[in-house]
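Observations on the three-dimensional arrangement
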Amino acid sequence: MEGGNDHADDMDVDQQQEGDDTNKQAEHPPAAVAAVTSGDDDENDEEVDEEQIEEYQEMLESLGAHPDKLKINSLSMVAEDFSASAKMAKALYETIRKPLISLSVPKENKLPLVYVVDSLLKNVRGKFIPLIESDAKTWMPVVFEQMSEEQRAKLRKVWDTWRVCKLFSEQNWEDMGICFVEADGVVEAQRSEAEAKARAVGIGRKADGSLDVSSELRRQMQLLLDEAQSEGVDELDKVSLERLAEINPELLAEIKSAAQEIVASGGGGSGGGSGSADKASGGGAKNGRWSPKVASANFTETRPDEIIARAADWDRLKLDHLEKAHKSISNLQLHVRVGCTEQRQYASEEEFQEQMGVLVSASAGARYLTTMLEALKTQEESKDSADADA
């Protein structure tokens, strides 16, 4: 068989959110499917081989959540033997269609089935093209609703290739993808609303979509956002400044205001400060940092004189410990993000558990260092305040 599955490099599927049963009519093939085959059925048409259908179903079930190229090619080769038979083509297609729209079939199994349909269209053709052309508009939105954003993007990519390959009429192709058009409309409306709110609080965008702020102000805003997300926020849930402008422009406006005050006061070092969280709780800017109005009483000096003298020797080296620590925290957080998102195969369950343990330790270490830095900054500012009063 010529060709092959066009999505061999794009066949990773992740289990995601629950599907929404919004297209009950897709549970039964429309009359158009029967019409496609009824006109071709005659005495010479090959009868349905039930044993062959059962074997084909077993092959589909073995595909599972992983869109294996060899298995998809094998399914296409079997279908190719019956591509001229209206009855067998319909029976094989309905064998694929049933799990494709079934809500009892795991969501992660849907995309591999779509790839099988795609392979039938491009590599087998025959009776399968009119069958799918008349029916895809009924199951496409059902499958779409059950998929994650990542899976939907891959489903859309398949749909787009059908137009490029000119498999269907333009109108039928558009009808199949109405779910994508509607989703685009929702996203665009949400984006327009968010941008309007952002502009209302004085936050614009550049032509490339990034925030229209100076590099220095952006750097300080990023530091404050990183600090705001350092506690109680999962690494995978952290957002960028641009994303924050879409989901919470009011909070971004607060961060911008705090960053502007820090920059104007001559601060803005890598150590950042106690950020917008302190501002919201009544903090104020001091030496480029945000600090609470009431200093903690937990950091009274208790070290012996010789230890204090030894620490003074280190102070004379003029090392920026806050900057070094901030870089270490950022590196730890980066490793956690990469480790949690990269796709890799593990030799065993033990190896997987060990890797997860390392990532958890790195995340906890970064959080612990952040907490220590905040305590040190509070202690330093409390000491400066006491010295000024004296």
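Since this is a predicted model, take the numbers as computed values, not measurements.

For the rest of this paragraph, the subject is the overall build of the chain. Each helix and strand counted, the chain has 16 helices and two strands in total. The buried share of the chain, reckoned over its 390 residues, is 37%. For the chain, the accessible surface area stands at approximately 21,700 Å², while carbon and sulfur atoms represent 50% of it.

What follows concerns the nonpolar core. Core analysis: the largest hydrophobic core is formed by 47 residues, its most contacted members being Tyr56, Val114, Phe128, Trp139 and Trp162. Among the elements of the structure, helix H2 (50–63), helix H3 (69–80), helix H4 (86–101), helix H5 (110–124), helix H6 (128–145), helix H7 (149–164), helix H8 (170–176) and helix H9 (178–200) are those that each provide at least two residues to this core. Top contributing element to this core by residue count: H6, with ten residues. Discounting residues that sit within four places of it in the chain, Trp162 has contacts with Val117, Asp118, Leu121, Lys122, Trp139, Met140, Leu167, Phe168, Trp173 and Met176.

To continue, consider the packing of H3 against H5. A pair of packed helices is characterised by two quantities: the angle between their axes and the separation of those axes. H5 packs onto H3 with a crossing angle of 45° between their chain directions and a minimal axis gap of 9 Å. Accordingly, the angle class assigned to the pair H3 and H5 is oblique. The element H3 and its partner H5 pack so that their crossing is right-handed. Contacts from Ile72, Leu75, Ser76, Ala79 and Glu80 in H3 reach Pro112, Tyr115, Val116, Ser119, Leu120, Asn123 and Val124 in H5.

What follows deals with helix H12 (residues 249–264). Given a rise of 1.5 Å per residue, 16 residues ought to cover 22 Å, and the 22 Å separating the end C-alpha atoms of H12 matches this to within 8%. Where H12 terminates, the next one or two residues include Gly266, which has phi positive at roughly 90°.

Let us now look at a negative patch on the surface. A contiguous patch of negative charge on the surface is contributed by Asp49, Glu50, Glu51, Glu54, Glu55, Glu58 and Glu61. Residue position: Glu51 is located in helix H2.

In this section: H3. Relative to the 16 Å expected for twelve residues at 1.5 Å per residue, H3 spans 16 Å between its end C-alpha atoms, a close match to the ideal helical length. Regarding H3, the residues found buried are Ile72, Asn73, Leu75, Ser76, Val78 and Ala79. Those residues of H3 hidden inside the fold are in contact with H2, H4, H5 and H6. Capping of H3 at its N-terminal end is provided by Asp68; its side-chain oxygen lies 3.0 Å from the backbone amide nitrogen of Leu70.

Attention shifts here to the confidence of the model for the chain. Averaged over all residues, the pLDDT of the chain equals 76, while 67% of them reach at least 70. Overall, residues 11–25 carries pLDDT values under 50, and its contacts beyond four positions in sequence, including any with other chains, amount to 37 contacts. Note on residues 270–300: pLDDT is under 50 here. Beyond four places in sequence and across chains, it has 63 contacts.

As for its position among the elements, Trp159 is in helix H7. In this view, Trp159 contacts Met140, Trp173, Glu174, Met176, Gly177 and Phe180; residues no more than four positions away in its chain are not counted.

Moving on, we get to the pattern of salt bridges. For the structure shown, the criterion picks out ten salt bridges. Asp118 is the partner of Lys122 in a salt bridge, and the nearest nitrogen-oxygen pair spans 3.0 Å. Of this pair, Lys122 and Asp118 both sit in helix H5, four residues apart, which is roughly one turn of that helix. Asp118 shares its class with Lys122; the two are buried. Glu242 is the partner of Arg218 in a salt bridge, and the nearest nitrogen-oxygen pair spans 2.7 Å. Here Arg218 is found in helix H10 (residues 215–228), whereas its partner Glu242 is found in helix H11 (residues 241–247), with 24 residues between them in sequence. One network of salt bridges, with partners in common, ties together Glu145, Glu149 and Arg152.

Viewed as axis vectors pointing N to C, H6 and H7 meet at an angle of 155°, and their least axial separation amounts to 10 Å. In terms of their interaxial angle, H6 and H7 are classed as roughly antiparallel. Our pair here, H6 against H7, has a crossing hand that is left-handed. Of the residues in H7, those in contact with Trp139, Met140, Val143, Phe144 and Glu145 of H6 are Arg152, Leu155, Trp159 and Trp162. The class makeup of the residues in the contact of H6 with H7 is seven nonpolar, no polar and two charged.

What counts, and where the lines are drawn
Residues numbered from 1 in each chain as written. Predicted model: local features only at pLDDT ≥ 70, side-chain atom pairs only at ≥ 80, totals over all residues. Heavy atoms only, no water. Helix = DSSP H or I, 4+ residues; strand = E, 2+ residues; numbered from the N terminus. Buried < 20%, exposed > 50% of the residue type's maximum accessible area, 1.4 Å probe, protein only. Areas by Shrake-Rupley, 256 points an atom, 1.4 Å probe, with all protein chains shown as cover. Core = buried A, V, L, I, M, F, W, Y, C linked by side-chain atoms within 4.5 Å. Contact = heavy atoms within 4.5 Å. Axes fitted to C-alpha atoms, helices over the stretch in contact; angles between N-to-C directions. Parallel < 35°, antiparallel > 145°, perpendicular 65-115°, else oblique. Left-handed = near helix turned anticlockwise from the far one by under 90°. Expected span 1.5 Å × (residues − 1). Patch = residues over 30% accessible without salt bridge, like charges linked within 9 Å, V, L, I, M, F, W, Y side chains within 5 Å. Salt bridge = Lys/Arg side-chain N within 4 Å of Asp/Glu carboxyl O. Lys, Arg positive; Asp, Glu negative; His and termini not counted. Charge placed at Lys NZ, Arg CZ, Asp CG, Glu CD. Polar contact = N/O pair within 3.5 Å; in protein donor to acceptor, adjacent residues only side chain to side chain. pLDDT = per-residue confidence, 0-100. Nonpolar A, V, L, I, M, F, W, Y, C, P; charged D, E, K, R; others polar.

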